[in-house]
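Here are the chains, one letter per residue:
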Amino acid sequence: MSESDKISPGEMEELREAFEKIDTNSNGFICDAELSDLFKEVNLTMPGFKIRELIQKLDRDQDNQINFVEFTSICQDLKNDHVAQGFRKAINKKEGLLAFGGTSEISSVGTQHSFSEEERYAFANWINSALEKDPDCKHVLPINPSTDALFRAVGDGILLCKMINLSVPDTIDERTINKKKLSPFTTQENLNLALNSASAIGCHVVNIGAQDLKEGKPHLVLGLLWQIIKIGLFADIELSRNEVLAALLREGEELEELLKLSPEELLLRWANFHLSKAGLPAINNLSSDVKDSRAYYHLLQQIAPDGSKEGVARIQIDMSGLNEREDLRRAECMLVQADRLGCRQFVTPGDVVSGNPKLNLAFVANLFNKFPALEKPENQDFHLASETREERTFRNWMNSLGVNPYVNHIYGDLLDALVILQLFERSGVPVDWDHRVNMPPYSKLGANMKKLENCNYAVEVGSSAGFSLVGIAGADLKDGNETLTLALVWQLMRRYTLNLLENLGDGEAAGDELIVNWVNKTLAEAGKTSSIHNFKDKEISTSIPVLELIDALQPDSVNFDLVKRGSLSEEDKLDNAKYAVSMARKIGTRVYALPEDLVEVNPKMVMTVFACLMGRGMKRA
């Protein structure tokens, strides 16, 4: 055996894990029944005689079963053996990872990426169900979940745009989606629209390009789809938007503690709330602790409609499947019951038994969204303020830059300043991570002091970089002072946006006057009639200056038959604004502002729109 053919210690450990997953009775051998179950699980059903033939082909000591030594030898010889290649395919499906060669903007030629076949299967089925009645998706639906059809289906951008609107309604103005007689150019526009809109709702798409999606690169397609789907699934798992979650308050707990929880943490608490009602111990996660399906069975029993609500029929959960001895068969019986609730999506029995954390999370989120089975505590009025439009815009902007941790609550998740410091760095301001920043986990006794030190350092960094931080102290960030935290975040967003312009130009400091002058010059040179005096100009409320600027940057891109002019109602203005924001994204501009910002002429957000369009114009030049 050549040196390159030898199995490394790391590979040996992976083979050991794969072997143990197939060896369901843990006796140290793979028998014909286990191999048959393996192929059934991955939809490669084989008759018994074929299974026996395969065992004979791979069984080196002729004892009618495969031991671990034989298993490793088989995996070494996979290159030239057709039967063994089929065996490898089944093993890879069992593990959920398939390797393929590909490149992206951040990888070198020949880099190997892996993707989860379980995710491909789950997402394809979810999309089939969600968009089955959409006439614009008939050319790609239904998607065969067992093939690579999903990766091809996203290639023209239409399906992605539809999924974004499904997760966050009205993000994309349907009038801007190219749907008929697509060309490479109009396909590119759709993909630009999808990517920029995904960024606007908080997806991290920095390393994903339109060409990657056109080529259907599996790991990038699945990564983007998961972000879009997750945002939709988590939309109502937020206390300020769904007050029944207050039922999850524990004795002696303040509401603020519940507000700090992420959607993932809320889902786990929700599941344990119902398990407690069933007299069961709590689970610690949605992976290894649900592998035997027992927690799921009792959760389904607790949330199933009992017929007490008018117009909602009772659904009796059949618990007999709990008596199944094998985890896989028990999981299948459990999912039959979930299907009776219309909630079988995202997981297969294999996903449950393997403890796939991502798909189990999606499964539980779907259960919550359809059957929360919670009642808001009586005689309590929480007066919870919903997230403002500005807060949502800032939060989505942060998340689109890939900050860690993910920002669910703009104030609570910024208390230790780690996200703020990351935003400084992304805005071109250096941060001394090694010597000045305290990283989690923090000790219980010193946590508050460590977080305050980070916040003080953030103020110090901002002050040194020329940010206006008069009256803002580290304690204000640590305490989640809304007004002062937003003031800093706005300056970060502004600095980030203007830095993009300076990087495209000759290093000239970008500011409001420079942007306004460029807008008016570009409009005049294109023969447009509109102009703006500043970012408070009331004419901006019609969105016509924005639309004419878009058309100046990409001639004939705007269908002015759709643009309302003259004396406009608020509805007319909003209609124009929706079209303008989506058109800006369609021509390749990453706009975070919302249509309402244009209608209300919010000068902060208006500035970012024109600055981003200026960046688009400078790239073209």
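1. What to know about the nonpolar core
Stage number 1. Counting residues in each nonpolar core, the largest one holds 94 residues, and the members touching the most others are Leu159, Leu224 and Phe363.
Stage number 2. The residues touching Leu159, leaving out its near neighbours within four places in the chain, are Ile127, Leu131, Cys137, Val140, Leu141, Ile143, Ala153 and Val154.
Stage number 3. Formed by 78 residues, the second largest nonpolar core is a distinct cluster that contains Met398, Val581, Phe610 and Cys612.

2. A closer look at helix 19 (residues 418-426)
Stage number 1. Of all 9 residues in helix 19, 7 are buried, a share of seventy percent or more.
Stage number 2. Where helix 19 is concerned, the buried positions are Leu418, Val419, Ile420, Leu421, Gln422, Leu423 and Phe424.

3. Some thoughts on the packing of helix 8 (residues 158-167) against helix 11 (residues 218-233)
In a packed pair of helices, the relevant descriptors are the angle between the two axes and the axis-to-axis distance.
Stage number 1. Where helix 8 meets helix 11, the axes come as close as 8 Å, and the angle between the chain directions of the two elements is 25 degrees. Classified by the angle between their axes, helix 8 and helix 11 sit roughly parallel to one another. Here Leu160, Met163, Ile164 and Ser167 of helix 8 lie close against helix 11, whose contacting residues are Leu224, Leu225, Ile228, Ile229 and Gly232.
Stage number 2. Grouping the amino acids of the contact of helix 8 with helix 11 by side-chain chemistry returns 7 nonpolar, 2 polar and no charged.

4. Side note on the packing of helix 24 (residues 512-525) against helix 25 (residues 544-553)
Stage number 1. Two elements in contact, helix 24 and helix 25, have axes whose closest approach is 9 Å; the angle formed by their N-to-C orientations is 65 degrees. For helix 24 against helix 25, the interelement crossing comes out left-handed. Across from Trp518, Val519, Thr522 and Leu523 in helix 24, the residues of helix 25 making contact are Pro545, Glu548, Leu549, Ala552 and Leu553.

5. What to know about the pattern of salt bridges
Stage number 1. Per the counting criterion, the structure on display carries 33 salt bridges.
Stage number 2. Between Arg120 and Asp148 there is a salt bridge; the shortest N-O distance is 2.6 Å. Within this pair, whereas Arg120 is found in helix 6 (residues 117-131), its partner Asp148 is found in the loop between helix 6 and helix 7 (149-153), the two being separated by 28 residues in sequence.
Stage number 3. Between Lys230 and Glu264 there is a salt bridge; the shortest N-O distance is 3.1 Å. With a gap of 34 residues between them, Lys230 in helix 11 and Glu264 in helix 13 (residues 263-277) connect regions that are remote in the sequence.
Stage number 4. Three or more residues are tied together by salt bridges with common partners; here these are Asp134, Asp136, Lys162, Glu174 and Lys179.

6. What about the side chain of Ser541?
Stage number 1. For Ser541, the location among the structural elements is in the loop between helix 24 and helix 25.
Stage number 2. Given a relative accessible area of 7%, Ser541 falls into the buried group.
Stage number 3. Polar contacts involving the side chain of Ser541 include one to the main-chain carbonyl oxygen of Lys538, which spans 2.7 Å.
Stage number 4. Within polar-contact distance, the side chain of Ser541 engages the side chain of Lys573 at 3.5 Å.
Stage number 5. Once residues within four sequence positions are removed from consideration, Ser541 is found in contact with Lys573, Leu598, Val599 and Val601.

7. Regarding the packing of aromatic side chains
Stage number 1. One pass over the full model with this rule turns up 8 aromatic pairs.
Stage number 2. Where Phe424 meets Phe467, the ring centres are 5.2 Å apart and the plane angle is 85 degrees; that geometry is what we call edge-to-face. Within this pair, whereas Phe424 is found in helix 19, its partner Phe467 is found in the loop between helix 21 (447-464) and helix 22 (474-478), the two being separated by 43 residues in sequence. Each member of the pair, Phe424 as well as Phe467, carries the same accessibility label: buried.
Stage number 3. Ring centres of Phe535 and Phe610 lie 6.1 Å apart, and the angle between their planes is 20 degrees; this geometry places the pair in the stacked category. Taken as a pair, Phe535 in the loop between helix 24 and helix 25 and Phe610 in helix 28 (residues 603-620) lie far apart in primary sequence, 75 residues in all. Accessibility assignment for this pair places Phe535 and Phe610 in one class, buried.

8. Some thoughts on unusual backbone geometry
Residues apart from glycine generally show negative phi values, whereas peptide bonds are mostly found in trans.
Stage number 1. With omega at -5 degrees, the peptide bond leading from Leu141 into Pro142 counts as cis.
Stage number 2. As for its placement among the helices and strands, Pro142 is situated in the loop between helix 6 and helix 7.
Stage number 3. Following Asn404, the chain continues to Pro405 via a peptide bond in cis, the omega torsion being 10 degrees.
Stage number 4. When you line up the elements, Pro405 lands in the loop between helix 18 (389-400) and helix 19.
Stage number 5. Positioned with a positive phi, Lys181 is a non-glycine residue whose angle comes to about 45 degrees.
Stage number 6. Examined against the element boundaries, Lys181 turns out to sit in the loop between helix 8 and helix 9 (184-200).

What counts as what
Along every chain, residues carry numbers that run from 1 in the direction the sequence is written. Local features are withheld for residues below a pLDDT of 70 in this predicted model, meaning they are given only at 70 or higher, and side-chain atom pairs are given and counted only at 80 or more; totals for whole chains, interfaces and linings count all residues. The basis for every side-chain value is the complete set of non-hydrogen atoms in the structure, without hydrogens or water. Nonpolar cores were defined as sets of buried Ala, Val, Leu, Ile, Met, Phe, Trp, Tyr and Cys residues, with membership established by side-chain atoms within 4.5 Å. Burial classes follow relative accessibility: with a 1.4 Å probe on protein chains only, a residue under 20% of its type's maximum area counts as buried, one over 50% as exposed, and anything between as partly exposed. Contact criterion: two residues are considered in contact whenever any of their non-hydrogen atoms come within 4.5 Å of each other. In this description a helix means any DSSP run of H or I spanning at least four residues, a strand means any run of E spanning at least two, and both kinds are numbered starting from the N terminus. Axis angles are defined between N-to-C directions and span 0 to 180 degrees, where every axis is a line fitted to C-alpha atoms and, for a helix, only to the segment in contact. Put simply, angles under 35 degrees are roughly parallel, angles over 145 are roughly antiparallel, angles from 65 to 115 are roughly perpendicular, and the rest are oblique. Under the scheme applied here, ten amino acids are nonpolar (Ala, Val, Leu, Ile, Met, Phe, Trp, Tyr, Cys and Pro), four are charged (Asp, Glu, Lys and Arg), and all others, including Gly, are polar. Should the near helix be turned anticlockwise from the far one by less than a right angle, the crossing is left-handed, and should it be turned clockwise, the crossing is right-handed. Every case where a carboxyl oxygen of Asp or Glu lies within 4 Å of a side-chain nitrogen of Lys or Arg is listed as a salt bridge. Pairs of N or O atoms are called polar contacts if they sit within 3.5 Å, as long as, within protein, a hydrogen donor faces a hydrogen acceptor (for residues adjacent in sequence, only side-chain-to-side-chain pairs). Note on aromatic contacts: the rings of Phe and Tyr and the six-membered ring of Trp form a pair at centre separations within 6.5 Å, being stacked when their planes are under 30 degrees apart, edge-to-face when over 60 apart, and tilted otherwise.

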